[in-house]
Amino acid sequence: MLSRGRGKHVYAILSLMTLLLNGWRNTVSMFFNPLLNFYSLSTTTPIALSMTISSATSLTISPTVGKVYDRKGASTLLYIASTTQLVSGILILFMRVFEWRIAQIFLYASSVFGGVAMAGFMLSINPFMATLYPSKPGLALAFAQLGNYLSFILWPPIIATLFRCMDLFNTFLLLTLVSTMPTILIATIFRGVKASETIGDGKRVGVSETPRLFKLLLIPIFFIASSSMMIISFLAPIISEVLLVEASSVMMLGGVAQVMGAVIWGLMLERVDVLKALPITYLIETVTVLPIAISERAQNIAMTLLYCRLSAYAGEPIIHMTTIPRLFSRREMGRLLGLQSTAVMLASITAPVVGGLAKDFAGTYRATLIISALFSLLATLIATAILLKRGEQHYQ
């Protein structure tokens, strides 16, 4: 049985550690330039396609994975995620002995398994934390997400150091092993915890009709996720081109900004209505990126604006996931989060390709930033419209 008090906090710490250990994938853009150089590729689109494939896989399986969580709990999903991540790392290692024509097959196959792992980690830890602390889901999700954001502090300098000691393929495999082995141990510890225990009883979770408001919220979630993915997918090269500094150090400080953002947004959700928090967050993300994108005169404040954007990005998943226990059904946390994740994954499919094409067409990552800002502006307007309509009419 799931214990209360300190025992519950132990599960929370292990959840944070799981996301931290596997968070090195958040800095996968550090592998872009080494891959481009190794295979002498002139465009980023073939590399970005691997992220699209990974997201497409997550998109396809997320609703099913969410239902698996509701029935089996977090442990089963962590075992699946760890296994598929290990296969993904081995496939990347095989790339090194082939020319690009063959190596890209291994890259894209690895992306499929990586997509399964992505869905498994996201749809096990997040609903587990939200239901573990039902009275404070915002703070609980913020605590778990600290693992993701601390990874931006921990992993960039480690990856940069590993690049000086070994090639990118061995680096990828080593990171896979370092993250997979402890995650399997954590999954074993979680084996005794069922999803039904985190929601208060052992009744079977039923499936009800998806609320209309939930469906409407998927629209701005898609656009803001697209905006963010265009930045996160190319974060390292964007930093190198726009800020003209070494990427790993900025990404590490960006992790600090995201840690602060997770805490700030988690506390904010204890005081601010979750629907009001959506357009506020999206607007911050718009006004921090647009000056960097359209004016080189903003160079002296570009780094500060980027940190603000990353801080607000940290608030995105916390707000999105908090809408489920606050506005909808905690008992269907896995299913609804799986559906919500499809919007995010759909954005992850299109955004890297659109961002890569924009850069290849314009010859600069500023074009990617402009499109990102336009998408976040659109998300702001839609979220504001939903908020105003919510004040006039109650959606069932």
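Let's talk about the overall build of the protein chain
Here is step 1 of the chain: Along the backbone of the protein chain there are 15 helices and zero strands.
Here is step 2 of the chain: Over its C-alpha trace the protein chain gives a radius of gyration of 20 Å, about what one expects of a compact globule, namely 21 Å for 396 residues.
Here is step 3 of the chain: For the protein chain, buried positions account for 57% of its 396 residues.
Here is step 4 of the chain: Once local pairs closer than 6 in sequence are excluded, the contacts in the protein chain between residues at least 24 apart make up 84%.
Here is step 5 of the chain: Distance from the positive charge centre (29 side chains) to the negative charge centre (16 side chains) of the protein chain: 8 Å.

Section: unusual backbone geometry
Here is step 1 of the chain: Positive phi, normally seen in glycine, also occurs at S40, with a value near 55°.
Here is step 2 of the chain: Take S40: it is sitting in the loop between α2 (32–38) and α3 (45–72).
Here is step 3 of the chain: What makes S40 exposed here is its relative accessible area of 65%.

Some remarks on helix α9 (residues 212–233)
Here is step 1 of the chain: Its 22 residues place the ends of α9 31 Å apart at the C-alpha level, agreeing with the 32 Å of an ideal helix rising 1.5 Å per residue.
Here is step 2 of the chain: Counting buried residues in α9 gives 17 out of 22 residues, a clear majority hidden from the surface.

Notes on the side chain of T288
Here is step 1 of the chain: Within the element layout of this structure, T288 appears in helix α12 (residues 274–294).
Here is step 2 of the chain: Residues in contact with T288, not counting those within four places in the same chain, are L305, C308 and R309.

Re the pattern of salt bridges
Here is step 1 of the chain: Per the counting criterion, the structure on display carries six salt bridges.
Here is step 2 of the chain: Residue R101 pairs with E99 through a salt bridge whose shortest N-O separation is 3.2 Å.
Here is step 3 of the chain: Taking relative accessible area as the criterion, R101 reaches 56% and is therefore assigned exposed.
Here is step 4 of the chain: The shortest N-O distance in the salt bridge between E270 and R326 comes to 3.6 Å. Here E270 is found in the loop between α11 (247–268) and α12, whereas its partner R326 is found in helix α13 (residues 299–327), with 56 residues between them in sequence.
Here is step 5 of the chain: Judged by relative accessible area, R326 falls into the partly exposed class, the value being 34%.

A closer look at a nonpolar patch on the surface
Here is step 1 of the chain: The grouping of L290, I294, I370, L374, L377 and L381 at the surface amounts to a nonpolar patch, some 530 Å² of accessible area in total.
Here is step 2 of the chain: At the level of secondary structure, the elements contributing two or more residues to the nonpolar patch comprise α12 and α15 (366–392).
Here is step 3 of the chain: Along the polypeptide, L377 turns up in helix α15.
Here is step 4 of the chain: L377 gets classed as partly exposed once you look at its relative accessible area, which sits at 38%.

Details of helix α14 (residues 333–362)
Here is step 1 of the chain: Given a rise of 1.5 Å per residue, 30 residues ought to cover 44 Å, and the 42 Å separating the end C-alpha atoms of α14 matches this to within 8%.
Here is step 2 of the chain: Along α14, the helix axis deviates most sharply at T350, where the bend reaches about 25°; the proline P352 sits within four residues downstream.
Here is step 3 of the chain: G363, located one to two residues past α14, shows a positive phi value of around 80°.

Quick look at the confidence of the model for the protein chain
Here is step 1 of the chain: For the protein chain, the mean per-residue pLDDT works out to 85, and 90% of the residues sit at or above 70.
Here is step 2 of the chain: Counting interchain partners and residues more than four positions distant, the pLDDT-below-50 stretch residues 199–205 has 12 contacts.

Brief notes about the nonpolar core
Here is step 1 of the chain: One finds M129, F190 and I319 to be the most contacted residues of the largest nonpolar core, which totals 63 residues.
Here is step 2 of the chain: For this core, the element with the highest residue contribution is helix α5 (residues 100–132), accounting for nine residues.
Here is step 3 of the chain: Other than its neighbours up to four places away in sequence, I319 contacts W265, M268, L269, V274, A277, L278 and T281.
Here is step 4 of the chain: Counting 54 residues, the second largest nonpolar core, distinct from the first, contains F32, I231, F234 and M251.

Quick word on the environment of I102
Here is step 1 of the chain: Following the sequence through the fold, I102 ends up in helix α5.
Here is step 2 of the chain: Residue I102 is classed as partly exposed on the basis of its relative accessible area of 25%.
Here is step 3 of the chain: The spatial distance from the C-alpha of I102 to the C-alpha of A119 is 27 Å, given a sequence separation of 17 residues.

Digging into the environment of A257
Here is step 1 of the chain: Assignment of secondary structure puts A257 in helix α11.
Here is step 2 of the chain: Judged by its relative accessible area of 9%, A257 is buried.
Here is step 3 of the chain: Sequence spacing of A257 and V112 is 145 residues, and the spatial spacing of their C-alpha atoms is 30 Å.
Here is step 4 of the chain: Setting aside its immediate chain neighbours within four residues, A257 contacts Y307 and S311.

Overview of the packing of aromatic side chains
Here is step 1 of the chain: Per the counting criterion, the structure on display carries 17 aromatic pairs.
Here is step 2 of the chain: Taking the centre distance of 5.4 Å and the plane angle of 85° together, the rings of F214 and F328 count as edge-to-face. With a gap of 114 residues between them, F214 in helix α9 and F328 in the loop between α13 and α14 connect regions that are remote in the sequence. Like F328, F214 is buried.
Here is step 3 of the chain: Judged by centre distance (5.2 Å) and plane angle (70°), the ring pair of F222 and F223 falls under edge-to-face.

Parameters at a glance
- Residues numbered from 1 in each chain as written.
- Predicted model: local features only at pLDDT ≥ 70, side-chain atom pairs only at ≥ 80, totals over all residues.
- Heavy atoms only, no water.
- Helix = DSSP H or I, 4+ residues; strand = E, 2+ residues; numbered from the N terminus.
- Rg over C-alpha atoms; globule rule 2.2 N^0.38 Å.
- Buried < 20%, exposed > 50% of the residue type's maximum accessible area, 1.4 Å probe, protein only.
- Contact = heavy atoms within 4.5 Å.
- Lys, Arg positive; Asp, Glu negative; His and termini not counted.
- Charge placed at Lys NZ, Arg CZ, Asp CG, Glu CD.
- Expected span 1.5 Å × (residues − 1).
- Salt bridge = Lys/Arg side-chain N within 4 Å of Asp/Glu carboxyl O.
- Patch = residues over 30% accessible without salt bridge, like charges linked within 9 Å, V, L, I, M, F, W, Y side chains within 5 Å.
- Areas by Shrake-Rupley, 256 points an atom, 1.4 Å probe, with all protein chains shown as cover.
- Bend = angle between axes of the 7 residues up to and from the residue.
- pLDDT = per-residue confidence, 0-100.
- Core = buried A, V, L, I, M, F, W, Y, C linked by side-chain atoms within 4.5 Å.
- Phe/Tyr/Trp six-rings, centres within 6.5 Å; stacked < 30°, edge-to-face > 60°.

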